Structures are given as C-alpha cells and as structure tokens.
Amino acid sequence: MEEVGKLKASFLWLKKKIVSHPKITASFILVLAIYYFSLPASLFEDPYSTVLEDRHENLLSAAIASDGQWRFPEGVKIPDKFRDAVVLFEDKRFFYHPGIDPMSLGRAIRQNISSGKIVSGGSTISMQVIRLSRKNKSRTYLEKIIEIILATRLELRYSKEQILGLYSSHAPFGGNVVGIEAACWRFFGRSPEQLSWAEAALLAVLPNNPSLIHLGKNRERLKEKRDRLLERLQKAGKIDALALDLAKSEPVPESPLRLPKIAPHLLTRFISEGKANQKIITTLDIALQQRTRQIVHDHHQQLKGNQIFNAAAIVISVKTGNVLAYIGNTESGRENNEQVDVVNAPRSTGSILKPFLFAAMLNEGKMLQHTLIPDVPVIINGYSPKNFSKEYDGAVAADQALIRSLNVPAVHELRDYRYEKFYELLKNIGFTQFKHPADHYGLSLVLGGAEGTLFDITSMYASMARTLENYFEHPGKNKYNKRDFHRARVVASDSAARQEFEENSFLSASSIYLTFDALLEVYRPGEESGWKYFNNARRIAWKTGTSFGFRDGWAVGVNPDYAVGVWVGNADGEGRPGLTGTETAAPLMFDIFSSLPGNNVWFSNPKSEMTKAAVCSKSGFLATSLCESTGTIEVAHAGLQTLPCRYHQRIHLSPDQKFRVHSECVPVSKIKTVSWFVLPPVQEYYFKTRNISYKPLPPFRRDCENPSSVALMDLIYPKLNAKVYVPRELNGESGQTIFEAVHRNPSITVYWHIDGDYVGSTSKLHRMALSPSAGNHILTLVDENGETIRRSFKVISGS
C-alpha cells in the first residue's frame, strides 16, 4: 500500500504537468508501466541454508545451501551496532536519499575521470542491493544507469529498514559466507545481537573490500580499515574514547569457525520432510539439549565396549507436549550408522507398550491392579509366547507382571481385552507406525510384534501424564480433552491442541494413575538379568523393553513435568549379549532425569474416579465371604465390575484335616469345613515352586471318592486341538516331542495312552517323549484312582 501511495502521488504530480500535452500521454503511461514492472517480484532466488534454532532462537545446527554457500534465510533483525557501522561506511545519507545519492555519484564521476578508469561507483546501499540481485554484472556505465533506475524503484517498494535487511542478508563476507547472520556465526561464533563494536565495524568493511575478504591473508590491512571506521564512529558520537580503545584492541579472527552441530539429526529430519532453505525455530532448549547430548555421549563410551554403538534420547515437556531435547544418535563419527536418526526410526517395541494395555484393562474394569493373571506355558491359535527368562510363575499379580515385564500374562490380558481394540487404542493415542491391519499382529502386538518410534512412544507416555495432570484443571462433569493425546511438538509455530472437553477420554485418569503407581517401583526383577535397584532422587514411573535377539533396549520414564525416552542398540539391527532395556537404556534414562530442573512432585490422586474396595489378599480379585484374608485398596470405579474371587473354595476335611472327605464316608458332625485357595492344576504346578506358603489341596482319603468338580490332573502340552510338530533327526528318523502333564497328588502314577494304546507311565514328574505318526490322535491319561483326561491333537510332521 505504501508503494502504491508513493506512485499515485508521483503520478498526480506528473499528470498536472502533462495534461496540456495529450500527445505524450500514451508515451508517459508506457514509460511509467515499464518503470513500475522493472523490478522483479522477488529480487533473490538464491537457495538458503537450513537453519535450526531453539525456542529462544539460539542456533542449534545449520546445513549449507545447495549452491555451497553459507547463506541464512532473510529476516534477521539488524543489530544497531552493525546498522550504524555499515550506514556510516557505505552510505551515510542512506536514510535521506531516494535510492541514489547525487553527491556520491558526482564524487565518483570526478574520481573515475581523473583516474581514467572506474575506481569508485558512488553506489548507495539501495544500488548495491540491486547489483547483488543482478549477480554483480560487469561494472559499465549502462549497468550503473540500470542500477540507478532500479534503486529508485526499490525505494518505492521497500522501507529503508527492509532495504538494509536485504543488503545484510545477501552481502558477501568472504569465501562462501553470505549475509550478516552467517558471517557472525562463521567469524565470531555468536548471533548478530551479540556483536561488539569491533566486530560490527569489521563486518561493515568486508563486503566493500573484495581484495581483503580472506581473513587469513589480509588481517593487518583489514584491521586498519576496521579501526579507521571505528574512529569515524567515535567522531559521529556512536562510541566514546574508552569504547574506541577497547574495540581497537580486539583481534581480527584468523579463520572461519565451524557452525554449531547441537541437533544434527533433527536438522536432517526437517530437510527430509521438505523444510530445507528455511529457518526453523524449534521447541528445544539449547542448555538441556547440550546436557542430554553429553550424557548420551558419556554412556556411549561405556556401551561401545560391548560393541553397542548407537543410542538416542528425547525429553518432552508433559504440560506443553514440546520436545525439549532431541538426540537422534551418538556423534563420534559417521561410522556405525551414526547418521541414522533413531528417534524417528521404527524399531521393535519389545515390552514398552505393556503399560498401555495394563491401563486399558483397568479402564474397562477387566481386572484390578493386583488381580492374579495366568503365567503358564500356553499356545493360542498357534502362538506360543515365552517369558524372557523362559520360566513361569503359574500365576502372578497384574502389577507385578507389568514391572517384571512378563510376556505370558500380558498375552492373557490382551486376549481378554482383544487385540483389535488394543490396536485401535494405540492408534488413537499416538502410535503411527502400523503398516498392516490388526490381524497381522495378533497377540504379538504387546510383545514387540509391531515396530514403533521413540518419538511416538515417548509422546504417548507424555500424553498419559498430560491427561492425568489436566484432569484437575477443569471442574464439572467434562474433565477430559481427547486432544491431550497428541504427538510431541518440535516446531515452535505448531498450533496447540484445541480445548474440547468431554466426559471420557481414551484412558481415564484413574487407570493412568494406577498404572503410573505400579511403574513407580524402584526394585526391578530381571526381565533380563536378576533384580536391579535404581536409586533416583525423583519419583518416576518407568518401563523398560527389550526386543527379540537383544537388538533394542528401551526405557521410558515419566513424572508430572517430563517424559524421557531412551533407545540403545545398533542401528543396523545387530544384537549383542546384555543389550537389554534394564542394563543399557534405564541407567541412561535416570541420568537424564537427574539433570532436569524441577521439583520431586508426584501425580495427584483422582479421588473422584476412585473408590475403596475389599479384595482378596491372595487372588487380587474382589473379595468374597470365602476369602480368608482381605484388604481394602483404592480401585477405579470400573474395577467394581470385575469378577469376585474364584480361587477360594469351600472344602470338607477329615477330623485331622489331612484328607478331603464327604458326607458319604464321614459323618457330617465330624467334617471340618474350611476355605481353601485353589489354583488350576497347571498354574499350581508352577506357582508352588515359587511360593512356599502355597498349600496344595489335601488328597481324598482312600475310602472317599472324589465327588467334586475340582480337577486333579491337567495337560500342559499338548493343548486341545493343538498342531504338534515332530522333528526328524539328522539320520532321517523321526524325532520325539515332549508331552507334559501335572497332577495335584505328587505321589500318584499316571498311565499314558495314544489312540487307546498304552505307551508308558510316569510318577512325580509327568513328562513323556513320544513319536506319534502324522495325522490326528487322541491322548488319554489315567491316574491310579481312575481320574481320566483326554486330549485330541494333530501331528503335522512325523514318521
């Protein structure tokens, strides 16, 4: 609008002059049109460096422009010292002339005539901007006339401050350095706002002196020109005598400096996402980024002794969802795939998604936090999960299964919750790496069957914490904003989530609180390597994960202020012994937490969503009258929908309480009726080896039959309708497969039959190696008291 106004005023003035000469009107309009369109819409089409800054606009990293120049994008604020210095040196009447300075032009003409060649151009800063935009074409009188015309046109389009900005952004400063911002970082290692008077004066004289533009070769002559400009600045009243002396004492830099490389992987990520040639202000905090980078480096020095070469870390603010630190990989060199941005690279998730399933089960009232979950060998639709330790507890409390990262209980939970629902839940709360439908992953989804990124997963933990924290911010019925679940933001200009409150969210505050409470435990038994204790001054909910083959070690922790995610491994996928989340990633995560500011606060209890309930001390289910020991705990409201304890049964014992009896063999008056904690046979088989206080059911007295429905015997393998593979030995003969059963009476003998044919008997340890032929079979087991079980199975390979 300013440009149009200037042109309109000029046109009205000229119109008065030529209105009496209509013959020249058309010519005038044509000339005016040529003048108006003489200046290109965009003066500079040069490629720019891609520049990364933190949230306070401190330089993090930069990539050179595609033409090999360090040229930062336009838009830098011109520092006052440089403005004063360059205007005084280049164009002291810059703020008063219309693009050309007749006095400077006259002086230049006289000097050129007396010298017999062009020694001075008399160019204003506006004219130099035009010359720079025209790529410094040869200095002829015609080119000077073009520069004069276009400079006046430039003054009509841009303000003086904008013109000075164009000059500052595109003036050459030596070598491949273009523009004041790039020059400040290359020569002085600081931003333009931090320039001293000596540095500002040096940068002011550099573009005007091509012969001096190499710092290393002409430092004395360059210092002389700088000092003369400093003296002029004192005479102009810009600096005093003391400032002049101090400025003159500053040395001229010897050679360009390397630009900071504090977030190189994030820079590469932005370039690959189409943000090249831009200045990107990120959400990162430079001080926190540097501390986290150093911590990763320190741990890397230890890890590489085990041939573990890569590590990544990310720190996210829970409240804002902003990324505060982004360490994409180790940085000792380009070997060992250190250029790979692991924060954004899909990797096998191991056990790191289990807390989301735990919270989902609590959220829907499918279990309580201490509910016993089966932990026995199992085959589900051909899928046979194993615990990391290859051992089983028989039954284990849900929260203990979570902090111990047991796989089999997690699969039982997922089967109950349904993997299709879990798949949709993960997508809703920020998991973006699914490449296939839910059926492709099945029950393996919770055990690393899908690949995820450290960025997504840490964002999801942060979103859970944010949902819990924000629950208390909004009174009334609608306390949830589903958009609190979002991917972390790493660009400062990205918009925040809209505030749309609802009665429910993907996960309730109570289920999240109980999940974090379970993950608060500092003693961690070895999903990988025995019990481990992590001592940290802060209360942190944390989880580790290890992928199959020791390829990925994960650790993610969260408190009300921060979520910290760590990945450790080899970017090429090579596994290493000891490469586990607990051993490699967790120590790094805790060190990062120790470096973070903030207080040792913990999440508030969402009491309005909680209620107290009596639960069975042994089973963790809602207590019944049969539970001999109960306790009162806080549970989510949905937890009241869970089933009551089904493990306590009323049994009848002989007067000496050594045997089970019934009224047909013992008078009712002599029967002792008690409550007994009874696990299914397979669970009991493993449970009693780890729980010495567990008391198996007493056997029936010999003169009493078993009229109850309590199972005495069960098969561990094969399961019903299982498909059994019988391998072949190296000599081509059919191998054997181990079949296994359990019995409540350890002294009983069990007799084995296949398709009605007796194949042997077992006592105490009921295992038998068999070689059935290919096809369908029926396995029958009979104990010495006549207790019988049958199981059909199919051999898919055999003799």
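Only a predicted model underlies this, so the values are computations on that prediction, with no experimental measurement involved.

(A) Layout of the sheet that holds strand β6 (residues 310–317). Overall, antiparallel pairing links the 5 strands, which are arranged β7-β6-β18-β17-β16 in an open sheet. What marks the edges here is a single partner per strand, and that holds for β7 (323–327) and β16 (541–546). Taken over all neighbouring pairs, the strand axes of this sheet differ in orientation by 10° on average, direction set aside. As paired strands, β6 and strand β18 (residues 562–569) are joined by 8 bridges and run antiparallel to one another.

(B) Quick look at the layout of surface pockets. What the second largest pocket holds in volume is close to 660 Å³. What lines the second largest pocket is a set of 27 residues, among which Lys261, Pro264, His265, Arg293 and Glu331 lie closest to the centre. At 5 residues, the largest contribution of residues to the lining of the second largest pocket is made by helix α13 (residues 286–303). Looking at the lining of the second largest pocket, its residues break down into 9 nonpolar, 11 polar and 7 charged.

(C) Layout of the confidence of the model for the chain. On average, residues of the chain score 87 in pLDDT, and 89% of them are at 70 or above. Least confident of the elements in the chain is helix α1 (residues 2–18), whose mean pLDDT is 54; most confident is β7, at 98. pLDDT under 50 marks residues 527–531. Its contacts with residues more than four places away, or in other chains, come to 21 contacts.

(D) Inspection of helix α6 (residues 141–157) at higher detail. Counted at 1.5 Å a residue, the expected span for α6 with its 17 residues is 24 Å, and the 25 Å between its end C-alpha atoms agrees. Listed in full, the buried residues belonging to α6 are Glu143, Lys144, Glu147, Leu150, Ala151, Thr152, Arg153, Leu154, Glu155 and Leu156.

(E) The pattern of salt bridges, seen in detail. All chains considered together, the criterion is met by 37 salt bridges. Its salt-bridge partner being Lys144, residue Glu147 comes within 3.7 Å of it at the nearest N-O pair. On the criterion of helical spacing, the pair formed by Glu147 and Lys144 is a turn pair, its members being 3 residues apart in helix α6. With a relative accessible area of 18%, Lys144 lands in the buried category. Ionic contacts of the salt-bridge type, sharing partners, join the residues Glu391, Asp393, Arg404 and Arg690 into one network.

(F) Highlighting the pairing of strand β17 (residues 552–558). Counted residue by residue, β17 has 7 buried out of 7 residues, so it is predominantly covered. Burial along β17 is two-sided: Asp552, Trp554, Val556 and Val558 facing one way and Gly553, Ala555 and Gly557 facing the other are all buried. Inspection of the sheet shows β16 paired to β17 by 6 bridges, in the antiparallel sense. What sits directly across from Thr544, in β17, is Ala555. What sits between the antiparallel neighbours β17 and β18 is a turn of 3 residues.

(G) View of unusual backbone geometry. Put simply, Tyr717 and Pro718 share a cis peptide bond, and its omega is 5°. With respect to the helices and strands, the residue Pro718 is situated in the loop between β23 (713–717) and β24 (722–725). Even without being glycine, Lys390 reaches a positive phi, approximately 65°. Tracing the sequence through the fold places Lys390 in the loop between β9 (372–375) and β10 (394–397).

(H) Structural context of the environment of Gln499. Secondary-structure assignment places Gln499 in the loop between β12 (480–481) and β13 (501–502). In this structure the C-alpha to C-alpha distance between Gln499 and Asp484, which are 15 residues apart in sequence, comes to 8.9 Å. Other than its neighbours up to four places away in sequence, Gln499 contacts His474 and Asn481.

What counts and what doesn't
Residues numbered from 1 in each chain as written. Predicted model: local features only at pLDDT ≥ 70, side-chain atom pairs only at ≥ 80, totals over all residues. Heavy atoms only, no water. Pairing = 2+ DSSP bridges. Helix = DSSP H or I, 4+ residues; strand = E, 2+ residues; numbered from the N terminus. Axes fitted to C-alpha atoms, helices over the stretch in contact; angles between N-to-C directions. 1 Å grid on protein atoms, 1.4 Å probe; cavity = no way out; pocket = protein on both sides within 12 Å on 5 of 7 lines; lining within 4 Å. Points joined across faces, edges and corners; volume = space filled by probe spheres on them. Nonpolar A, V, L, I, M, F, W, Y, C, P; charged D, E, K, R; others polar. pLDDT = per-residue confidence, 0-100. Contact = heavy atoms within 4.5 Å. Expected span 1.5 Å × (residues − 1). Buried < 20%, exposed > 50% of the residue type's maximum accessible area, 1.4 Å probe, protein only. Salt bridge = Lys/Arg side-chain N within 4 Å of Asp/Glu carboxyl O.

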